[in-house]
Amino acid sequence: MAITRPSATQIRELAAGLHMSLSPEEAAAYRALMDASFDAYDVIDALPDYIPAVKYPRTPGHRPGPEENPLGAWYWKSEVKGAEHGKLAGKRVVLKDNVALAGVPMMNGASTLEGFVPAADATIVTRMLDAGATIVGKATCEHFCLSGGSHTSDPGPVHNPHRRGYSAGGSSSGSGALVAAGEVDLAIGGDQGGSIRIPAAYCGIVGLKPTHGLVPYTGVMPIETTIDHTGPMTARVADNALLLEVLAGPDGLDPRQYAPQVAPYTEALGKGAKGLRIGLLTEGFAVPGMQEAVADKVRAGAARFERLGATVEEVSLPAYRLAAAVWQPIALEGLTQQMMVGNGMGFNWKGAYDVGLFDAHAGWRGRADDLSATLKISMLIGQWGLTHYRGRYYAKAQNLARQVRTDFADAFGRYDLLLCPTLPCTATKLPEAGAPLEEVIARAFEMVASTSPMDVTGNPSLSLPCGLVDGLPVGLMLTARDWNESAIYQAAAAFEADGDWRGF
Ligand SMILES: NC(=O)c1ccccc1
């Protein structure tokens, strides 16, 4: 099939949309000079796509009914068996539903994408299968991953395994809930503003946002390249380190991976916390909405590290607060441009594109009223920044992000780890269907000031359960210099070995 050539009239319409005025004669003259370009499009159109081959057989699986899905945490169940042997042999893994599993539906929490079936596996899927894992399905996630609650997914809300009717945290909501409920051994999450660490904290599990670019993002639906991360969510620290060992390293297809530095993460386990230099991040205890009981649990966790032989001292890092502000233009203008205008992945980078996602996701324009409230408000702010201010605040925020990174790097000259609460609060009540807009937005965004700074800096950052407040888990956040996930695992494993956090 040949590519459709525009008529001279269509050329005039295109020109008008691009702020050019062409006379009918000019339009016809330009049109007459376009054939070589469109012939090239015909060449592209005639060829098969060039994408990674699917290595392990699978069947499409099924969407579980309510009896099989009490928490609402499953989007899809399907079984893909990996290699016979390997580091993950015998482990059952669930993927956040923004990770492509070829042949299995993916809707990324959004009805506008429902029906889409990816043609290729994400790099991390192939790596886990090569390591012997069994992939058991897709976990519900928030509408295009744009909420820290678990109430904006079109498949429905996800309940916290610790308390029905309460948020599991998002946007990797189903991943957090299924690990906490013991339905899977391991989960994959994604984090642009906190979406791995938030559900980890609310659900009482271990969630790592790796250093930006350590784990290939290829085949995972982006929000914004410079803050996109994917990473492991597990019940225990050792499993987290083991899974990261399988996930980490360049794939040659992801523009986020400049020069990732991989390490043998499981070797950090069992080394104890003695000698680790921990900075207690002052600003991290003063985020909006900080609950004293949560801060106290995290301070008690810091004291525990001291007893375990680490040095702990308070450190002020004003850049942490600035980073939360810097996150806003980057996330909001960036997502509007890349995820929405750019049909899911955006343009201007080398690597593996999901052509089917371009086709399927472009359809949001015909149903924009069905987008979530969180995405609508984000796009409205982002579009205002892009049009009224020509994107200058995105550009300036990217520059200030470099300054923030320098300040963080300075702190990591003095401390191996920064410690603060993952979030200001424990899990909140799920908004009821039809809840006021104000509540829907608040439950989605009230916690991002704590976690989003590390998406801006790119530093590895992990949420570790450190106790219960009124029966709900509290997360303690450990952040390290780039590529030093090992220090985080060393500390977290020592903390975990010191006793069951449910009793702290
Ligand atoms: N995808 C994210 O990390 C996110 C988290 C919270 C709010 C918005 C986005």
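Remember, predicted model here, so these are calculated numbers, not experimental data. (Residues numbered from 1 in each chain as written. Predicted model: local features only at pLDDT ≥ 70, side-chain atom pairs only at ≥ 80, totals over all residues. Heavy atoms only, no water.)

A. Layout of the overall build of the chain. Looking only at helices and strands, the chain features 15 helices and 13 strands. What you see for the chain is a C-alpha radius of gyration of 23 Å, in line with the 23 Å of a compact globule of 504 residues. If one aligns the C-alpha atoms of the chain with their principal axes, the spans along those axes are about 80 × 50 × 45 Å. A buried classification covers 57% of the 504 residues belonging to the chain. Partitioning the intrachain contacts of the chain with sequence separation of at least 6 by distance along the chain shows that 77% fall at a separation of at least 24. Summed over all atoms, the accessible surface of the chain reaches about 20,200 Å², with 56% contributed by carbon and sulfur. If the 42 positive side-chain charges of the chain are averaged to one point and the 53 negative ones to another, these points end up 4 Å apart. (Helix = DSSP H or I, 4+ residues; strand = E, 2+ residues; numbered from the N terminus. Rg over C-alpha atoms; globule rule 2.2 N^0.38 Å. Buried < 20%, exposed > 50% of the residue type's maximum accessible area, 1.4 Å probe, protein only. Contact = heavy atoms within 4.5 Å. Areas by Shrake-Rupley, 256 points an atom, 1.4 Å probe, with all protein chains shown as cover. Lys, Arg positive; Asp, Glu negative; His and termini not counted. Charge placed at Lys NZ, Arg CZ, Asp CG, Glu CD.)

B. Broad picture of the packing of helix α9 (residues 319-341) against helix α12 (residues 392-414). Direction vectors running N to C along α9 and α12 enclose 145°, while the axes themselves pass 9 Å from each other. You can see that α9 and α12 cross each other, and the crossing is left-handed. Contacts between α9 and α12 involve Ala319, Tyr320, Leu322, Ala323, Val326, Pro329, Ile330, Glu333 and Gly334 from the first element and Tyr393, Tyr394, Ala397, Gln398, Leu400, Ala401, Gln403, Val404, Asp407 and Phe408 from the second. Class assignment of the residues belonging to the contact of α9 with α12 gives a composition of 14 nonpolar, three polar and two charged. (Axes fitted to C-alpha atoms, helices over the stretch in contact; angles between N-to-C directions. Left-handed = near helix turned anticlockwise from the far one by under 90°. Nonpolar A, V, L, I, M, F, W, Y, C, P; charged D, E, K, R; others polar.)

C. Here's a closer look at the site of the ligand. What surrounds the ligand is a group of 14 residues, the closest being Cys145, Gln192, Gly193, Gly194 and Ser195. Here an oxygen atom of the ligand and a backbone polar atom of Gln192 are 2.8 Å apart. Here an oxygen atom of the ligand sits 2.7 Å away from a polar atom, N or O, in the side chain of Ser195. Expressed as a share of its isolated accessible area of 270 Å², the protein-covered part of the ligand is 99%. Split into classes, the residues belonging to the shell around the ligand amount to six nonpolar, seven polar and one charged. (Near = heavy atom within 4 Å. Polar contact = N/O pair within 3.5 Å; in protein donor to acceptor, adjacent residues only side chain to side chain.)

D. Looking closely at unusual backbone geometry. A cis amide bond links Gly170 with the next residue in sequence, Ser171, at an omega value of 10°. For Ser171, the position within the fold is in the loop between β5 (163-167) and α5 (173-180). At Asp470, a position not held by glycine, the phi torsion is positive, near 50°. Looking at the element boundaries, Asp470 is found in the loop between β12 (461-469) and β13 (472-480).

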